Structures are given as C-alpha cells and as structure tokens.
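# Reading the structure
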Amino acid sequence: RAKAEAKRRAAAAEAAAAAYAAAKKRKAELEAELELVSATIADNKEAAEEQEMVVDPWTVEGKIDYDKLIDKFGSKPIDAELLARVEALTVGAGRVQALHPFLRRGTFFSHRDLAAICDAAEKRTPGGPPPFYLYTGRGPSSAAMHLGHLIPFMFTKWLQEAFDVPLVIQMTDDEKFLWKGEYKDGEGDNLDRFRGLTYENAKDIIACGFDKSKTFIFSDLDYVGHMYPNIVRIWKAVTYSQAKGCFGFEGSSNIGQSAFPAIQAAPSFASSFPVPLAGSDTLPCLIPCAIDQDPYFRITRDIAHKLVPSGHALKGKPALIHSKFFPPLEGAKGKMSSSNENSAVFLTDSAEAIKEKITTHAFSGGRMTKAEQEELGADLEVDVSYQWLTFFLDDDEELAQIRDSYGSGKGDFWSTTLVKARLIRLLQEMVQRHQEARAVVTEEEVRSWMEVRNLVV
C-alpha cells in the first residue's frame with residue numbers, strides 16, 4: 001500500500017507540474033496576444049487620428065495637431081532664439097513697441113527660412129533698399145470677409161510696419177472662377193462676378209491700415225501679363241506628376257486648375273514686379289500664410305533656383321511664416337468657413353448679430369453645472385470664446401487673468417457667460433472700427449491701390 005501511495009503521489013506531482021507548465025505557457029501566449037491587441041489598438045487609434053486630420057490648400061478638417069503638421073510638411077518651429085532676433089530687428093529698431101501677439105502667443109508657429117530673412121534684415125544699411133518684400137493674398141469667393149480672413153492681413157500689416165518693407169497682395173479671382181465658376185446656356189459664365197468680388201474684398205484689405213506707398217494690390221485677371229514670363233518658366237520647371245502628387249489633381253480637374261499653382265507661385269519672385277519692386281530681381285520674399293497654403297510654395301521652392309540670378313540670398317526660395325487656423329464657432333476643429341453662416345463672424349455683422357452668434361453658437365469648454373465648473377474649471381483647449389480671445393485680445397495680462405480664472409472656475413471670469421460677454425464686447429468694437437474704416441474706401445481709392453507703381457523709391 002505504501003508503494004502504491006507513493007506512486008500515486010508521484011503521478012499527481014507530475015500531473016501538477018505538467019499543468020503548471022501548461023498554464024505558464026498559456027499565460028505567456030495570452031500576454032503576447034494582449035500585447036499584439038494593444039499595439040493594434042494603438043496603431044488603429046493613431047491611424048484614425050491621422051485620417052481625421054486633413055490639411056491641404058482646399059480642405060482643413062478634424063482635430064489639428066500642429067506638431068505633426070510641422071513633421072509632415074518639413075517646416076521648422078519658431079523658437080525663442082528666432083523670436084529674439086525678430087524682436088531685435090523690429091522693436092529694437094524703434095519701428096514697433098512690441099512683438100505682435102500672434103508671435104508672442106505662437107499663433108504664427110512655423111516657418112521656412114525666416115532666419116535667412118533676419119540675416120538679410122541685419123545687413124540693411126540706413127537709406128538702403130529694403131532687405132525683402134512681403135507677399136500675401138486673398139481668394140475673393142464672397143463679398144463679405146470674416147474674422148478668420150483678417151488674421152494674415154493683421155499680421156502682414158505689423159510685418160510691413162515693423163520691418164519697413166514693400167508688400168504685394170494677390171487677388172486670385174482667376175482661381176475662384178476655376179474652382180467655383182459657373183456657366184449657363186444662354187447666360188454665359190460668371191467670371192465678372194469674381195472680378196467684382198476682388199474690388200469688394202480689396203476695400204476690406206485697405207481698411208486694415210497698410211502703408212499705401214509701400215503696398216500694391218493686384219487682380220490676377222488684370223496683372224497676369226506682367227507675371228507671365230515667370231509663370232511660363234514655372235510651368236516648364238514643374239512636371240505634371242509633381243503637381244498631381246502635391247495637389248491631388250484628378251481626371252475631373254479642369255486644365256486651369258492644373259495650371260493655377262504657377263500663377264500663385266509667380267509673385268514670390270521679385271522679377272514678377274519689374275515696376276513695383278524696381279527691377280530688384282534678387283530681393284527675397286517672405287510669405288505670411290496659414291499652413292494649409294504651404295504645399296503651393298514647397299513645390300515653388302524646389303524649382304526656385306531656375307528663376308533667379310546667382311546672387312539671390314535664398315537661391316530664389318520664398319521664405320514662409322505659417323499661422324495656425326482660426327477655429328469655427330461650433331468647435332475648435334478645422335478652420336472657419338464662409339459657406340457656414342453660423343461658423344463665422346463676418347465683417348459686415350451688426351453688433352446684435354455678433355452677440356447672438358457668440359451667445360448661441362460659440363462652443364463652450366465650461367462644465368455642465370456651477371459646482372463642476374468651480375471644481376474643475378473650463379477646458380480651454382476646446383472653448384472657442386477663449387481661443388478667439390487669444391487671437392484678438394492684445395492685453396497679455398488680461399488674457400492671463402481670463403485663462404487662470406476660467407480655467408480654475410474661480411475669480412472674475414469663472415463662467416462661460418462672463419468670458420463670452422468679454423469676447424462679444426471686444427468683437428463688437430473691433431468690427432465697428434473696421435466697418436468705419438471700410439466705409440470711406442471708394443472704388444476710385446481701390447483703383448489707386450491697384451495702380452502699377454514703384455514701391456521702393
């Protein structure tokens with residue numbers, strides 16, 4: 001009996017050991033499977049986030065990750081050292097009192113060759129020619145511009161004053177017709193509508209307060225002949241495969257759309273302005289724009305050396321400084337659109353309309369109850385009223401007070417209602433000033449800004 005019991009125990013121990021080994025093996029298998037599942041979930045989540053964010057010259061959708069955009073587009077962040085150089089060249093020169101809030105707060109956050117522009121500005125001699133020129137533009141798709149359209153013009157005005165340089169502003173009425181134009185049998189097309197919108201939008205641009213003696217506004221439909229030699233050179237230098245890969249042209253794209261990128265690229269070469277820039281073919285160009293416009297100029301930079309003489313400081317490449325997107329009222333994803341009346345505050349809106357839009361449509365990051373708001377504070381990253389204040393409220397101390405108060409749920413701006421009220425008052429005053437400045441801009445005045453003339457005398 002003792003031998004039988006020992007044999008039974010040995011068998012049981014052997015079975016237990018085998019079971020333990022099997023369990024240990026299964027545990028390892030399950031851990032490996034779990035790790036694979038976790039990795040797959042993470043990959044799917046990352047892929048979903050990437051699919052959600054769409055940024056190109058025609059579409060901006062989803063939650064925007066600006067660090068990823070810098071990596072994707074291959075630009076560089078504007079760091080503290082570069083900001084210090086800009087400050088020394090502008091504030092230090094006594095032309096402006098402080099860096100623009102868009103620079104201080106990172107609204108303009110990315111660049112290409114801004115350091116080289118600073119190099120050129122540092123070499124400027126008293127009474128000498130400008131170190132570079134500015135180029136920005138507007139696609140006139142509607143008579144009423146909105147606040148988001150003002151962002152590049154507000155900043156460009158500061159750059160013009162801060163660096164004391166000439167500016168060219170391209171009105172792409174041709175582009176808007178190519179993408180949005182219509183033809184009706186018996187009536188013809190609506191090209192002249194976009195030509196008319198150029199004049200209406202130019203009034204808003206002039207109302208921003210640019211230096212007329214250093215600013216040339218031009219319609220592509222009127223001025224293209226002066227740029228045509230450079231447009232032809234760009235067409236010659238860029239293959240259709242390159243253009244298709246960059247802009248996503250398809251078989252349904254009309255041939256004008258395929259050709260248009262060269263027209264938007266041409267103003268980044270000083271030789272496109274033999275009169276306004278007095279034949280300064282080696283003058284570098286700085287382009288302030290939203291980052292969705294970067295693809296136009298990436299391909300331009302690739303072929304720029306073919307259009308300039310050897311003495312060009314940047315080998316013909318236009319420098320760029322990129323802004324973040326101005327969020328729509330309904331939520332801080334994508335950018336504001338003229339096609340959605342409730343996503344935007346327009347420069348034609350009345351004080352009452354502004355109040356109604358902010359009160360009703362501005363997405364709130366505040367909490368559902370007073371108790372939750374006081375405990376947690378607002379989510380400032382998604383709160384549109386706070387985000388808009390970061391664009392338009394000049395006073396850094398007041399903005400910090402609103403941030404700390406609203407973000408903590410305590411103090412003078414603890415609630416969404418109080419923050420919206422501050423934004424409403426700010427926008428009403430801002431839009432009223434703009435409307436008053438625009439009201440005195442006549443058609444004749446617009447034509448005088450569009451006259452081909454020397455800007456560097």
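Just so it is clear, the structure is predicted and the values come from calculations on it, not from any experiment. (Residues numbered from 1 in each chain as written. Predicted model: local features only at pLDDT ≥ 70, side-chain atom pairs only at ≥ 80, totals over all residues. Heavy atoms only, no water.)

The subject of this paragraph is the confidence of the model for the protein chain. Residues with a pLDDT of 70 or more make up 92% of the protein chain, whose mean pLDDT is 91. In the model, residues 44-50 has pLDDT below 50 throughout and makes three contacts with residues more than four positions away in sequence or in other chains. (pLDDT = per-residue confidence, 0-100. Contact = heavy atoms within 4.5 Å.)

For the coordinates displayed, the defined rule picks out zero disulfides. With no disulfide of its own, Cys-208 lies 17 Å from the sulfur of Cys-289, the closest cysteine sulfur. With no disulfide of its own, Cys-285 has Cys-289 as its nearest cysteine by sulfur position, at a separation of 10 Å. (Disulfide = S-S within 2.5 Å.)

As a further point, take the packing of helix α15 (residues 384-392) against helix α16 (residues 396-408). Relative to each other, α15 and α16 sit at 165 degrees, their axes nearing to 10 Å. Viewed along their axes, α15 and α16 adopt a mutual orientation that is roughly antiparallel. Both α15 and α16 take part in a crossing whose hand is left-handed. Each of Tyr-386, Leu-389 and Thr-390 in α15 lies in contact with α16, whose residues at this interface are Leu-399, Ile-402 and Arg-403. Looking at the contact of α15 with α16 residue by residue, the classes come out as four nonpolar, one polar and one charged. (Axes fitted to C-alpha atoms, helices over the stretch in contact; angles between N-to-C directions. Helix = DSSP H or I, 4+ residues; strand = E, 2+ residues; numbered from the N terminus. Parallel < 35°, antiparallel > 145°, perpendicular 65-115°, else oblique. Left-handed = near helix turned anticlockwise from the far one by under 90°. Nonpolar A, V, L, I, M, F, W, Y, C, P; charged D, E, K, R; others polar.)

With that settled, consider the nonpolar core. Counting 72 residues, the largest nonpolar core has Leu-147, Ile-358 and Trp-388 as the members making the most contacts within it. With nine residues, the single largest contributor to this core is helix α6 (residues 147-163). Of all hydrophobic cores here, the second largest spans 36 residues; its members include Tyr-133, Ala-265, Ile-287 and Tyr-296. (Core = buried A, V, L, I, M, F, W, Y, C linked by side-chain atoms within 4.5 Å. Buried < 20%, exposed > 50% of the residue type's maximum accessible area, 1.4 Å probe, protein only.)

Next up on the list: a nonpolar patch on the surface. The grouping of Tyr-228, Val-232 and Trp-235 at the surface amounts to a nonpolar patch, some 270 Å² of accessible area in total. By the secondary structure assignment, Tyr-228 is in helix α9 (residues 220-237). Exposure remark for Tyr-228: the relative accessible area of 42% places this residue in the partly exposed category. (Patch = residues over 30% accessible without salt bridge, like charges linked within 9 Å, V, L, I, M, F, W, Y side chains within 5 Å. Areas by Shrake-Rupley, 256 points an atom, 1.4 Å probe, with all protein chains shown as cover. Salt bridge = Lys/Arg side-chain N within 4 Å of Asp/Glu carboxyl O.)

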